Amino acid sequence: MLFEEIDRVKQDFDQDIKEADSDKKLELIRIKYLSRKGLVTQLFGQLKSVPKADKPSVGKKLNSLRQEITAAFNNLKLKYGGDDKVSSAAIDLTLPGSKYKTGSKHLLIQTLDEIKNIFKGMGFSVYEGPELESDFYNFEALNFPPDHPARDMQDTFFVSDDFVLRTHTTPVQIRIMEKLKPPVRGIMPGRVYRNEAISARSFCMFHQVDGIYVDTDVTFAELKGTLVSFAKQFYGTDLKYRFRPSYFPFTEPSAEMDITCYICKGKGCRVCKKTGWLEILGCGMVDPNVFKHVDYDSEKYTGYAFGMGIERIAMLKYGIDDIRMFFENDHRFLKQF
Amino acid sequence: MNISLHWLKDYVNLDGISTEDIVDKLTMAGLEVEDYTDQNKKYSTLVVGKVKNVNKHPNADRLTVCSVFDGKEDLQIVCGAPNVKAGQIVALASVGVFIPKANFKIEKAKIRGVESFGMICAEDELELSDDHSGIMVLNDDLVPGTLLNEALQLNDVLLDIAITPNRPDALSHIGVARDAAAIFNRDLKLPKIDLNESQKEAKDYASIEIEDKINCPRYTAKVVTNLTIKESPEWLKNKLKSIGLRPINNVVDVTNFVAMELGQPLHAFDLDLLAKKKIIIKSTETKKKFTTLDSKERELDKHTLMICDGEKEVAIAGVMGGENSEVAESTKNILIESAYFNPKSIRKTSRKLQLVTDSSYRFERGTDPSNTLYASQRAAQLISEVAGGEVAKDHIDIYPSRIKNKEIIIRFQRIKKILGFDVPKTEVVKIFNRLGINIIKDLSDSLEVVVPTYRPDIEREVDLIEEVARIYGYNKIPAVSKIGITMEKRDDESLFTDEVRNCAVMMGLKEILNNPLISEFLAKITGKPIKISNPQSRDMAYLRTSLTIAALQTVANNINKGEKDLSLFEIGNVFNTTNENLKSFGDISEKRKLLLLLTGKKDERSWNTDEKSYDFYDLKGLVNSFFSKFSLDNLLNDTYNSSEKSIYEYYFSKNFNDDVVAVGGKVSKNALDLFDIEQDVYSFEIDLDKIFEIKTEKRKYTEPLKYPKINRDFAFIFNKSVTYEVVTNFILEQSSGILKEVEIFDIFESKDLGEDSKSMAFSLEYFDYNKTLTDEEVENDFKNLIKKITEKFNAILRGN
Ligand SMILES: [Zn+2]
């Protein structure tokens, strides 16, 4: 009778141990079988009532049951026992450390943060605006008349006659000036969209930082000073730069800022199209027509504005030759930065 | 705009100025030279060769094996051109020479088993034209071995200038020459008109009437009779070819030449094809069809400005002529149109027809209304030179209301206020003179000037200031550092988003940025999407309505590349519409969201850890950590839903006063199937705009507990249907208040417990802020709890 019971306990144990996949479950097994009130101990207790003749054989069977259970238990305890294992084993300092996952900001955001910090240090606020923008803010208030070729400069995604996916972050300038009286000094980072064929050089969306400073005596000379300071902080103090005339409807005079190509050091290469210069931003003095839309007196106030594309800057800085890499979110790319 | 330096030098003497200097100075004056080609450099690697003999290729019918003398030795060359013959003088590229068009370097090659040591070039391969019918055959008198640039006098420099939309005046050689003259302080030379006109007057041949005076302020015409249409002379063909235009016939070539010389687009009509010898400029009253000279039928809108004869339309004004009045070989008499059209009207037509021509491009930017007569005379003179014929006396010039020159006052003090430094008055005067801006009054501290009509962009004082700065040189303006300190609190509207981002990074997630443009099908799964009116493709025709639906493609792409274990976040906007017609901001919902996404393995197998996949509880823990970081955990309540909805198989949400502020869970198989994802994905989206609005109290310091905590554990066997939350809440309700924390530390099911049962073990934390608890107090509460739980849930206490 005790023989059969021993077999049943063994069967139960075999089943239980199969399901044991944690230290906690092992502990329950230990309690069930091996503890002071455990089944094995109970069986040993019953040995007293076994007829003398059977005692040696039953005792032997019981002992081997205890050995088997203890061995199986200890074996798994080694696997799941956690602390026991490390402390009991001799420490091997050469074993690899445990793995920890680290988070990261997107490379474009890292680049943007760097730009933001430089301008915040110069006293600029940071403003944001919607990506779905009205024609008024995106174009009209920025002195793009309807049916004007200047609108071709920015291939636009339309969602209705009155709304577009903003083609630049410049509309936020208008939104801020509507809200505040001069002095206004801020940068406006954000996402913009252009209906351009997707290639290594262009994507249907990208990120920009716009900036504006309006006060009673803001000049082109000061615009140059601010942007040269920015460029030197961002790219290094030994950089050469130039400002050349350009055209944007919302600034007059308008300029583009080039810096010496830091790949070829100005000798001319593929990246700078043999010119030795890299265009990094557009800028100019706020056009009086823009002030008209926000009720600023352009006789009293002058201002400068600038805008730059983050992707382009990040591509140059990190040697990335395909803009699509930023939006593919290839984990192998994300892990690099 | 393609500009030939040779051609440019017809109007301004640039002797002694290097090409590099010209390129640099034009760029620095706002005419950005994006690229330039020095033909001398480009063609000096090729030489003149003589084909000595031509033999059949042993293995290919269409190929020949030629022997070509390069001035020093004979080269064996395998040639595929049908026109190659012994004795020809050809353009030869030997091994090592770069072929621009094909973008490759000639190498020694074996072509179908025969060695070849060079190439005999066709015109297109050298970018001299688009002719690829055969090799280029050169004049017999050229000596083999002569450099090709010398032999063909290819010594021009071709500039590719990016002209900004405000500078229509620079869309011609004379326009660029005018700026060059101003920059280098040289004289501008305009071609002289010296016409030998016949007795009969132009108005005897044709009559002109403008009906739409708003869209056609001026229309000028010259008539040339008895001309002969033929091929243009070499000089004319070369000029056009140098800037990439294809010669057609002498009359058309002259009109194109003058357009590129003066920036005034011209059109030549076959006078004999004009019904009633009449030109009427009017806008269409109804929609109609019209065949342009490229033999394409175009659909014209109502109100399209047209050139008509006495019976019918003969040209789309400013855009393209009609097939029905085109100059052809048989043409004898022509009428040359030189008009000024309203830029807006031309732009509208060009956009509607999606037809941009050299002509429409110039008209829509604004041509010079004062220049139509001069341009027509220039064309008439050149046509009579290259096509013979007689130029009819005088011209027809309808100009009902003269476009006035703008008069502007510019103040020196204002120049300083904008630029930040003084430009000397003498410099300002010099710059205006060179740009053709006439000073009519010198008011000592200001100037009153008249702006020429070819500069429609100069309308205000500030535009003149830009001209001064541009020619004087932006680089002469100092870079001043003068930023003042701010007396008001600085705003940073991106601060909250940045805090959210930092929190996500802290939690070990990697940031992704996805394209918000997705397909209609996907966009409709998670919202009421906004459609792009002019999408690039159907895959990108709608704006995303959730971050998850746009991010799943990223997950799929990574899995395909073997990157299966991802813990990601994205901050971005999602767009929904509340109204079909987007007329105001009220019809649009643009919201900033945070996406948390987990998939694959949480822990990889390693010597001290076992493999573990992400599960729902990892997501929930992540979400709760996020909210507790923002002190929102106590303000929000959870709701759970275990049935499938939207993209989730089961999900939970965070609510603030019944308003859902965040939702997520296990992404359903149906959703994953759309992207062929075969592993579990957990995602959660948080509405950052809403979170931002929930005012949380400023975190304040709380003093650490002074009195000891007492812990007790118990485990019960419950019916499977009893949830953790119900038990925990019950425990907290039933306790006397000294119980502060309840945590579940174990849960399992097993055969021993029975089919319908599960074990849950809790640890209880007792303490009091003001005193040390006695064992008795705790023991009483603990025993009471055991009793209550046993009764309430019919649970069995498991032996301790
Ligand atoms: Zn370079």
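Remember, predicted model here, so these are calculated numbers, not experimental data.

1. Some details on the overall build of chain A
1) Next: Regarding its fold elements, chain A presents 13 helices and nine strands.
2) Next: Relative to its length of 337 residues, chain A is extended, with a C-alpha radius of gyration of 37 Å against a globular reference of 20 Å.
3) Next: C-alpha atoms of chain A, sized along the principal axes, occupy 120 × 45 × 40 Å.
4) Next: In chain A, which comprises 337 residues, the proportion classed as buried is 55%.

2. Concerning the overall build of chain B
1) Next: Of regular secondary structure, chain B possesses 22 helices and 44 strands.
2) Next: For chain B, the C-alpha radius of gyration of 41 Å lies well beyond 28 Å, the compact-globule estimate for 800 residues.
3) Next: Projected onto its principal axes, the C-alpha coordinates of chain B cover approximately 130 × 85 × 60 Å.
4) Next: Counting across all 800 residues of chain B, residues that qualify as buried make up 52%.
5) Next: Summed over its atoms, the accessible surface of chain B is roughly 38600 Å², and 46% of this surface lies on carbon and sulfur atoms.
6) Next: Across chain B, 110 positive and 128 negative side-chain charges occur, with their mean positions spaced 3 Å apart.

3. A look at the packing of helix α21 (residues 724-734) of chain B against helix α22 (residues 775-793) of chain B
Residues and elements named next belong to chain B.
1) Next: At a minimum axis distance of 10 Å, the contact between α21 and α22 shows a crossing angle of 135 degrees. As summarised for this structure, α21 and α22 are arranged oblique, according to the angle between their axes. For the crossing formed where α21 meets α22, the hand is right-handed. Between α21, through Val 726, Val 727, Phe 730, Ile 731 and Gln 734, and α22, the contact on the second element is made entirely by Asn 784, Leu 785, Lys 788, Ile 789, Lys 792 and Phe 793.
2) Next: For the contact of α21 with α22, the per-class residue count stands at seven nonpolar, two polar and two charged.

4. Considering the interface of chain B and chain A
1) Next: Residue-level contacts link 99 residues of chain B with 106 residues of chain A.
2) Next: With its nearest N and O atoms 3.8 Å apart, the salt bridge here joins Lys 99 of chain A to Glu 604 of chain B.
3) Next: Our enumeration of links across chain B and chain A arrives at 54 residue pairs in polar contact (both at pLDDT 80 or more).
4) Next: In terms of residues, the side of chain B that touches chain A owes the most to one element, strand β33 (residues 566-577) of chain B, which gives six residues.

5. Some words on helix α2 (residues 23-34) of chain A
1) Next: All of the buried residues along α2 of chain A are Leu 26, Ile 29 and Tyr 33 of chain A. The arc that holds every buried residue of α2 of chain A, seen down its axis, measures 55 degrees, which confines them to one face.

6. Some points on the side chain of Asp 746 of chain B
1) Next: Its place among the elements puts Asp 746 of chain B in strand β42 (residues 739-748).
2) Next: Using a relative accessible area of 15% as the deciding quantity, one classes Asp 746 of chain B as buried.
3) Next: Residues contacting Asp 746 of chain B, with those up to four places away along its chain left out, are Lys 24 of chain A together with Ser 759, Met 760 and Ala 761 of chain B.

7. Concerning the coordination of the zinc ion
Residue and element names in this part refer to chain A.
1) Next: Protein coordination of the zinc ion is provided by Cys 261 (SG), Cys 264 (SG), Cys 269 (SG) and Cys 272 (SG), with donor distances spanning 2.2 to 2.3 Å.
2) Next: Viewed at the metal, the four donor atoms of the zinc ion are separated by angles of 102 to 116 degrees, and the geometry they form is tetrahedral.
3) Next: Spacing between the donor residues of the zinc ion along the chain follows C-x2-C-x4-C-x2-C. Here Cys 261, found in the loop between β7 (251-260) and β8 (277-286), pairs with Cys 272, found in the loop between β7 and β8; they are eleven residues apart in sequence, far enough to count as distant.
4) Next: We classify Cys 261 as buried; its relative accessible area is 1%.
5) Next: Residue Cys 272 is classed as buried on the basis of its relative accessible area of 3%.

8. Details of helix α9 (residues 343-353) of chain B
All names here are of chain B.
1) Next: All of the buried residues along α9 are Pro 343, Ser 345, Ile 346, Arg 347, Thr 349, Ser 350 and Leu 353.
2) Next: Residues of α9 that are buried in the fold lie against β20 (297-300), β21 (305-308), β22 (313-316), β24 (334-340) and α10 (358-365).
3) Next: Its side-chain oxygen 3.1 Å from the backbone nitrogen of Lys 344, Asn 342 forms the N-cap of α9.

9. Some remarks on the sheet that holds strand β1 (residues 2-4) of chain B
Residue and element names in this part refer to chain B.
1) Next: In spatial order, the strands read β1-β13-β2; together these three strands make up an open sheet with antiparallel pairing. Among the strands making up the open sheet, the edge pair consists of β1 and β2 (32-38). Put simply, the sheet's adjacent strands are angled 25 degrees from each other on average, direction ignored.
2) Next: Contacting β2 and β13 (157-162), helix α2 (residues 19-28) crosses the sheet at an angle of about 160 degrees to β2.

10. Observations regarding empty space enclosed by the protein
1) Next: This structure, assessed with the given rule, holds three cavities of 30 Å³ or more.
2) Next: Broken down by secondary-structure element, the contributors of at least two residues to the lining of the largest cavity are α6 (107-121) and β4 (184-193) of chain A together with α15 (495-506) and β33 of chain B.
3) Next: Counting residues per element, the lining of the largest cavity draws most heavily on α6 of chain A, at four residues.
4) Next: Taken together, the residues of the lining of the largest cavity break down into five nonpolar, seven polar and nine charged.
5) Next: Taken together, 13 residues line the second largest cavity, and the ones lying closest to its centre are Ser 246 of chain A together with Thr 164, Asn 166, Arg 167 and Arg 470 of chain B.

11. Details of the domain arrangement of chain B
1) Next: Domains assigned within chain B are domain 1 (2-40 + 157-184), domain 2 (45-146), domain 3 (197-398), domain 4 (406-470), domain 5 (495-694) and domain 6 (710-797).
2) Next: Spacing between the C-alpha centres of domain 4 of chain B and domain 5 of chain B amounts to 57 Å.

12. As for the packing of aromatic side chains
1) Next: Tallied over the entire structure, the rule returns 44 aromatic pairs over all chains.
2) Next: With centroids separated by 6.2 Å and ring planes inclined at 70 degrees, the aromatic side chains of Phe 124 of chain A and Phe 306 of chain A adopt a geometry described as edge-to-face. Note that Phe 124 of chain A is positioned in the loop between α6 and β1 (125-126) and Phe 306 of chain A in strand β9 (residues 302-309), a separation of 182 residues in sequence. By the burial criterion, Phe 124 of chain A is buried, and Phe 306 of chain A matches it.
3) Next: Centre to centre, the rings of Phe 144 of chain A and Phe 250 of chain A are 6.0 Å apart; their planes meet at 40 degrees, and the pair counts as tilted. Residue Phe 144 of chain A is found in the loop between α7 (135-138) and β3 (163-165), and its partner Phe 250 of chain A is found in the loop between β6 (241-248) and β7; the two are separated by 106 residues along the sequence. Comparing Phe 144 of chain A with Phe 250 of chain A shows no difference in burial state: the two are buried.
4) Next: Members of the aromatic cluster, joined through ring pairs, are Phe 119, Phe 124, Tyr 213, Phe 230, Phe 234, Tyr 235, Tyr 304 and Phe 306 of chain A.
5) Next: In this arrangement the basic side chain of Lys 317 of chain A is found over the ring face of Phe 234 of chain A, its NZ or CZ atom lying 4.2 Å from the centre.
6) Next: Above the ring of Tyr 472 of chain B, the side-chain terminus of Lys 476 of chain B is found at 4.5 Å from the ring centroid.

13. Considering the environment of Gly 303 of chain A
All names here are of chain A.
1) Next: Here Gly 303 shows up in strand β9.
2) Next: Gly 303 sits in the buried class, given a relative accessible area of 2%.
3) Next: Placed 50 residues apart in sequence, Gly 303 and Pro 253 show a C-alpha to C-alpha distance of 11 Å.
4) Next: When residues no more than four places from it in sequence are discounted, the contact partners of Gly 303 are Tyr 213, Val 214, Val 218, Gly 284, Met 285, Val 286 and Phe 291.

14. Structural notes on the sheet that holds β8 of chain A
1) Next: Taking strand neighbours across the sheet as the criterion, the seven strands line up as β1-β4-β5-β9-β8-β7-β6 (chain A) in an open arrangement whose pairing is mixed. Looking at strand neighbours, the two that pair on one side only are β1 and β6 of chain A, the edges of this open sheet.
2) Next: In this structure, β8 of chain A lies alongside β9 of chain A, joined through four bridges in antiparallel fashion. Of the residues in β9 of chain A, the one forming a bridge with Met 285 of chain A is Tyr 304 of chain A.
3) Next: Strand contacts of helix α9 (residues 220-235) of chain A: β5 (205-215), β6, β7, β8 and β9 of chain A, with the helix running at about 145 degrees to β8 of chain A, the strand carrying the most contacts.
4) Next: Contacts from helix α12 (residues 412-419) of chain B reach β7, β8 and β9 of chain A within the one sheet, and its direction differs from that of β9 of chain A by about 40 degrees.

15. A word on unusual backbone geometry
1) Next: Pro 183 of chain A follows Pro 182 of chain A through a cis peptide bond whose omega is 0 degrees.
2) Next: Along the chain, Pro 183 of chain A falls in the loop between α8 (171-179) and β4.
3) Next: In this structure, the amide linkage connecting Glu 252 of chain A to the following residue, Pro 253 of chain A, adopts the cis form with an omega of -10 degrees.
4) Next: Topologically, Pro 253 of chain A is positioned in strand β7.
5) Next: Even without being a glycine, Asn 143 of chain A presents a positive backbone phi close to 70 degrees.
6) Next: By the secondary structure assignment, Asn 143 of chain A is in the loop between α7 and β3.
7) Next: One non-glycine residue, Gln 153 of chain B, lies in the positive phi region at around 50 degrees.
8) Next: Tracing the sequence through the fold places Gln 153 of chain B in the loop between α4 (148-151) and β13.

16. A short note on the environment of Ile 320 of chain A
1) Next: By secondary structure assignment, the location of Ile 320 of chain A is in the loop between α11 (310-318) and α12 (325-328).
2) Next: Excluding its chain neighbours within four sequence positions, the residues that come into contact with Ile 320 of chain A are Leu 107, Met 315, Met 325, Phe 326 and Phe 333 of chain A.

17. Quick word on the pattern of salt bridges
All names here are of chain A.
1) Next: Counted according to the given criterion, the structure contains 78 salt bridges over all chains.
2) Next: Its salt-bridge partner being Glu 256, residue Arg 244 comes within 2.9 Å of it at the nearest N-O pair. One end of the pair, Arg 244, is in strand β6; the other, Glu 256, is in strand β7, and twelve residues separate them in sequence. When sorted by exposure, Arg 244 lands in the same class as Glu 256, which is buried.

What counts as what
- Throughout, residues of each chain are indexed from 1 in the direction in which the sequence is written.
- Each chain gets a letter, beginning with A, and each ligand a number, beginning with 1, in the order they are written.
- Predicted model: local features are reported for residues with pLDDT of at least 70 only, side-chain atom pairs are reported and counted for 80 or more only, and whole-chain, interface and lining totals are derived from all residues.
- Remark: hydrogens and water are excluded; side-chain values derive from all non-hydrogen atoms of the structure.
- A run of H or I in DSSP becomes a helix once it reaches four residues, and a run of E becomes a strand once it reaches two; helices and strands are each numbered from the N terminus.
- Only C-alpha atoms enter the radius of gyration, while the globule expectation follows 2.2 Å times N to the 0.38, with N the number of residues.
- Think of it in three bands: residues with accessible area under 20% of the maximum for their type are buried, residues over 50% are exposed, and the middle band is partly exposed, with areas taken using a 1.4 Å probe on protein chains only.
- Reported accessibility uses the Shrake-Rupley method at a 1.4 Å probe radius. Residues are deemed covered only where the shown protein chains occlude them.
- By the counting rule applied here, Lys and Arg register as positive and Asp and Glu as negative, while His and the ends of each chain are not counted.
- Charged side chains are reduced to one point each, which is NZ for Lys, CZ for Arg, CG for Asp and CD for Glu.
- Angular values range over 0 to 180 degrees, each being the angle between N-to-C directions of two axes fitted as lines to C-alpha atoms, with helices fitted over their stretch in contact.
- An angle below 35 degrees is treated as roughly parallel, one above 145 as roughly antiparallel, one from 65 to 115 as roughly perpendicular, and anything else as oblique.
- When the near helix sits turned anticlockwise from the far one by under a right angle, the crossing is termed left-handed; a clockwise turn instead gives a right-handed crossing.
- Contact criterion: two residues are considered in contact whenever any of their non-hydrogen atoms come within 4.5 Å of each other.
- Under the scheme applied here, ten amino acids are nonpolar (Ala, Val, Leu, Ile, Met, Phe, Trp, Tyr, Cys and Pro), four are charged (Asp, Glu, Lys and Arg), and all others, including Gly, are polar.
- We define a salt bridge as a side-chain nitrogen of Lys or Arg found within 4 Å of a carboxyl oxygen belonging to Asp or Glu.
- Whenever two N or O atoms come within 3.5 Å, that pair is a polar contact, provided that in protein one can donate a hydrogen and the other can accept it, and provided that, for residues adjacent in sequence, both atoms are side-chain atoms.
- The arc under discussion is defined with respect to the helix axis, by the directions toward the C-beta atoms.
- Because water is not among the atoms used, a metal site may look incomplete, as its donors are only the N, O and S atoms within 2.8 Å, or 3.2 Å for Na, K and Ca.
- Every angle between 85 and 135 degrees makes a four-donor site tetrahedral, while opposite donors more than 155 degrees apart, with all other angles between 65 and 115, make a four-donor site square planar and a six-donor site octahedral; other sites are irregular.
- We treat two strands as partners when DSSP finds at least two bridges between them.
- For cavity detection a 1 Å grid was placed over the protein atoms alone, and a set of points counts as a cavity when a 1.4 Å probe fits there but cannot get out; an open set counts as a pocket when protein lies on both sides within 12 Å along at least five of seven lines, with lining residues being those that have an atom within 4 Å of a point.
- Grid points are joined across faces, edges and corners, and a volume is the space filled by probe spheres set on the points.
- Each domain span listed reflects an automatic or database assignment of domains.
- The aromatic pairing rule takes the rings of Phe, Tyr and Trp, using the six-membered ring of Trp, and pairs them if the centres are within 6.5 Å, calling planes under 30 degrees apart stacked, those over 60 edge-to-face and the rest tilted.
- Both a distance and an angle decide whether a charge sits over a ring: NZ of Lys or CZ of Arg must be within 6 Å of the ring centre and within 35 degrees of the ring normal.

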